[in-house]
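Observations on the three-dimensional arrangement
Each chain, letter by letter, is given below.
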Amino acid sequence: TTSLPASAATGGTGAATPQAFAALLAAEVNARCVGEWEGTPAEVGAVAYLGGGTEWLAAYVTTDPTAGDCPAGWETCGRVDGATIAYRFDRPGTSPAKVWLSRPIADGFVVLQQASRKADARNRVFPVAMATMRRLLADNRFAFTVTSGLTTAGNNLPLCWRIAPRVDVPATVAPDPPRG
C-alpha cells in the first residue's frame, strides 16, 4: 500500500479524477499498477491492478440510476447495510470471478468491482478482503468532486500508470493474413 500524504486533504475542489481514486485505492491495496476505469461516459474512476490483467479492483462514481440495482446476470445479489453486493462465478477458467458493491452518494452512486481468477467460489473469498472493500465503499472521498491535493497524490503515486485496457475475457487472436 501507499500512504496518502497529508496534502491529499488540501486544496480546492474539482471534478472527480482517475488519479484521485487511484490514490485512494493504492492506500488500501497492494497494487502493481493503476489506471483509468474504462466504463461508460457516466463513470469516472480508477483501477488498481493486483497482478495480471485479470486481477484488479476498480472504484468509480456514476450517474447511472441502475447502479444501485442488482446487476443483471450475476449469480447472487443482496443489500447489506445500505450497500448492494453481488457475486459472479459463472465462467470458471474463461473469465475471472467478480464481486460488485455499490452505495448511493449525492447525484449518483459509488461502485467497487473486483475481478480475480484466485477467488474461491465456495466461500466467496477474494484477494482483497470484503472488509477492505466495504471500508473503501464507505469512504466519502469517492465522490463527483475531489480535492486537488488528492488528484496530486494520485499523480505522484510511485506506481506505474497502466494505459492498456484491463482484461476481463481473453480475446482471441486473429490469424495473420495470408502472405503473397
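Residues numbered from 1 in each chain as written. Predicted model: local features only at pLDDT ≥ 70, side-chain atom pairs only at ≥ 80, totals over all residues. Heavy atoms only, no water.

Section: the overall build of the protein
- A tally of helices and strands in the protein yields three helices and 10 strands.
- When the helices and strands of the protein are read in sequence order from the N terminus, they spell out β-α-β-β-β-β-β-β-β-α-β-α-β.
- Here the protein, with 180 residues, has 47% of them falling under the buried criterion.
- Counting only contacts in the protein whose residues sit at least 6 apart along the sequence, the fraction spanning at least 24 positions is 61%.
- Total accessible area on the protein is roughly 9200 Å²; 54% of this is exposed by carbon and sulfur atoms. (Helix = DSSP H or I, 4+ residues; strand = E, 2+ residues; numbered from the N terminus. Buried < 20%, exposed > 50% of the residue type's maximum accessible area, 1.4 Å probe, protein only. Contact = heavy atoms within 4.5 Å. Areas by Shrake-Rupley, 256 points an atom, 1.4 Å probe, with all protein chains shown as cover.)

Observations regarding the layout of surface pockets
- Empty space within the largest pocket amounts to approximately 160 Å³.
- If you trace the largest pocket, you find 14 residues lining it, with Glu-43, Tyr-60, Asp-64, Ala-67 and Trp-100 closest to the centre.
- Broken down by secondary-structure element, the contributors of at least two residues to the lining of the largest pocket are strand 4 (56-62) and strand 8 (108-116).
- In terms of residue class, the lining of the largest pocket is made up of seven nonpolar, four polar and three charged. (1 Å grid on protein atoms, 1.4 Å probe; cavity = no way out; pocket = protein on both sides within 12 Å on 5 of 7 lines; lining within 4 Å. Points joined across faces, edges and corners; volume = space filled by probe spheres on them. Nonpolar A, V, L, I, M, F, W, Y, C, P; charged D, E, K, R; others polar.)

Points about the packing of helix 1 (residues 18-26) against helix 3 (residues 148-155)
- Contact geometry of helix 1 with helix 3 gives a least axis separation of 7 Å together with a crossing angle of 75 degrees. Accordingly, the angle class assigned to the pair helix 1 and helix 3 is roughly perpendicular. Here helix 1 contributes Gln-19, Ala-20, Ala-23 and Leu-24 to the contact with helix 3, which in turn contributes Leu-150, Thr-151, Ala-153, Gly-154 and Asn-155. (Axes fitted to C-alpha atoms, helices over the stretch in contact; angles between N-to-C directions. Parallel < 35°, antiparallel > 145°, perpendicular 65-115°, else oblique.)

A few points about the sheet that holds strand 10 (residues 160-162)
- In space, the eight strands of this open sheet follow the order 5-6-7-8-4-3-2-10, with mixed pairing throughout. Two strands in the sheet have a free side with no partner beyond their single neighbour: strand 5 (76-80) and strand 10. In this sheet, neighbouring strand axes are inclined to one another by 20 degrees on average, regardless of whether the strands run parallel or antiparallel.
- Across five bridges, strand 5 lies against strand 6 (residues 83-88) in antiparallel orientation. Each bridged residue has a counterpart across the sheet, and for Cys-77 the counterpart in strand 6 is Ala-86.
- Lying on the sheet, helix 1 is in contact with strand 2 (33-36), strand 3 (43-49), strand 4 and strand 10; it crosses strand 3 at an angle near 40 degrees.
- Seen against the sheet, helix 2 (residues 130-138) touches strand 4, strand 5, strand 6, strand 7 (97-105) and strand 8 and runs at an angle of roughly 30 degrees to strand 7. (Pairing = 2+ DSSP bridges.)

Quick word on the pattern of salt bridges
- Applying the stated criterion to the full structure yields four salt bridges.
- In this structure, Arg-134 engages Asp-81 in a salt bridge whose closest nitrogen and oxygen atoms are separated by 3.7 Å. On the criterion of sequence distance, the pair formed by Arg-134 in helix 2 and Asp-81 in the loop between strand 5 and strand 6 is long-range, its members being 53 residues apart.
- Its relative accessible area of 24% is what places Arg-134 among the partly exposed residues.
- Assessed through its relative accessible area of 73%, Asp-81 is described here as exposed.
- Close ionic contact of Asp-120 with Arg-122 constitutes a salt bridge, the shortest N to O distance being 2.9 Å.
- Judged by relative accessible area, Asp-120 falls into the buried class, the value being 18%. (Salt bridge = Lys/Arg side-chain N within 4 Å of Asp/Glu carboxyl O.)

Details of helix 2
- Buried within helix 2 are the following residues: Thr-132, Met-133, Leu-136 and Leu-137. For helix 2, the angular spread of the buried residues around the axis is 135 degrees, confining them to a single face.
- Contact partners of the buried residues in helix 2: helix 1, strand 4, strand 6, strand 7 and strand 8. (Arc of directions from axis to C-beta.)

Description of the pairing of strand 4
- Judged by how many residues are buried, strand 4 sits mostly within the fold: seven of seven residues are covered.
- Alternating positions in strand 4 separate into two faces, Trp-56, Ala-58, Tyr-60 and Thr-62 on one and Leu-57, Ala-59 and Val-61 on the other, with burial throughout.
- Across seven bridges, strand 3 lies against strand 4 in antiparallel orientation. By the bridge assignment for strand 4, Val-47 is matched with Ala-58.
- Between strand 3 and strand 4, which pair antiparallel one after the other, the connecting turn spans six residues.

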